[in-house]
Amino acid sequence: MNGNKSRIRIGRIIYLILAILFTLCIFTQIYLAGMAIFMNPAVWLKHMMFVHLFGFNVPIFMLIFAFIGALPRWAYWQLFGIFTSIFLMYFSANMRTNFPWIGPLHVIIAILLLGLSCLVVGKTWTLIFRKK
């Protein structure tokens, strides 16, 4: 029984670390977009390439460790929101030539994704480190 509790705790801690990493990556993406707009348009390439390093990769690992850590149902719904938001980010970035009104949604979705990722970190932190 002790091994099962240990597995769950380690799974949850790794999930938390991945959630923090994902949040930092989203923050970095927003910062790179701001740099591209206000400083140097060449930074757009970094903005476009950086997302491929973490975009779907980190949330997939988060899903795996959510299972290992036996996280509550809300964690899976939040991950569903993250996956949906990432899909909408790609959609809004790639469909802007066909539907110009979709392009500005990219920024709004990014802000919502940052908020959601912060919520994931906060709820997971509380789950792991709350006083019992």
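Summarised in this report is the structure supplied together with it. Every value quoted in this text rests on a predicted model; they were computed, and no experiment measured them. (Residues numbered from 1 in each chain as written. Predicted model: local features only at pLDDT ≥ 70, side-chain atom pairs only at ≥ 80, totals over all residues. Heavy atoms only, no water.)

We now examine the overall build of the protein chain. The number of helices and strands found in the protein chain is five helices and zero strands. For the protein chain, the sequential pattern of α-helices and β-strands runs α-α-α-α-α. Projecting the C-alpha coordinates of the protein chain onto the three principal axes gives extents of approximately 55 × 25 × 25 Å. Each of the 132 residues in the protein chain was classed as buried or not, and the buried ones make up 36%. Nonlocal contacts in the protein chain, meaning residues at least 24 apart in sequence, comprise 71% of its contacts between residues at least 6 apart. (Helix = DSSP H or I, 4+ residues; strand = E, 2+ residues; numbered from the N terminus. Buried < 20%, exposed > 50% of the residue type's maximum accessible area, 1.4 Å probe, protein only. Contact = heavy atoms within 4.5 Å.)

The next subject is the side chain of Arg-12. Take Arg-12: it is sitting in helix H1 (residues 2-38). Judged by relative accessible area, which is 19%, Arg-12 ranks as buried. Of note is the side chain of Arg-12, whose polar atom sits 3.0 Å from the backbone oxygen of Ala-70. Not counting chain neighbours up to four residues away, the residues in contact with Arg-12 comprise Gly-69, Ala-70, Leu-71, Thr-124, Leu-127 and Ile-128. (Polar contact = N/O pair within 3.5 Å; in protein donor to acceptor, adjacent residues only side chain to side chain.)

A few words on the packing of H1 against helix H5 (residues 105-129). Contact geometry of H1 with H5 gives a least axis separation of 9 Å together with a crossing angle of 155°. When the axis of H1 is compared with that of H5, the two are roughly antiparallel. Here H1 and H5 pass one another in a crossing that is left-handed. Packed against H1, whose contacting residues are Arg-9, Arg-12, Ile-13, Tyr-15, Leu-16, Ala-19, Ile-20, Phe-22, Thr-23, Ile-26, Phe-27 and Ile-30, the element H5 presents Ala-110, Leu-113, Leu-114, Ser-117, Cys-118, Val-120, Val-121, Thr-124, Trp-125, Leu-127, Ile-128 and Phe-129 at the interface. Here the contact of H1 with H5 is composed, by residue class, of 19 nonpolar, three polar and two charged. (Axes fitted to C-alpha atoms, helices over the stretch in contact; angles between N-to-C directions. Parallel < 35°, antiparallel > 145°, perpendicular 65-115°, else oblique. Left-handed = near helix turned anticlockwise from the far one by under 90°. Nonpolar A, V, L, I, M, F, W, Y, C, P; charged D, E, K, R; others polar.)

A surface patch of nonpolar side chains, about 620 Å² in accessible area, is lined by Phe-56, Ile-60, Phe-61, Ile-64, Phe-87, Leu-88 and Phe-91. Of all the secondary-structure elements, those providing two or more residues to the nonpolar patch are helix H3 (57-68) and helix H4 (73-94). Residue Phe-91 is classed as partly exposed on the basis of its relative accessible area, which comes to 36%. (Patch = residues over 30% accessible without salt bridge, like charges linked within 9 Å, V, L, I, M, F, W, Y side chains within 5 Å. Areas by Shrake-Rupley, 256 points an atom, 1.4 Å probe, with all protein chains shown as cover. Salt bridge = Lys/Arg side-chain N within 4 Å of Asp/Glu carboxyl O.)

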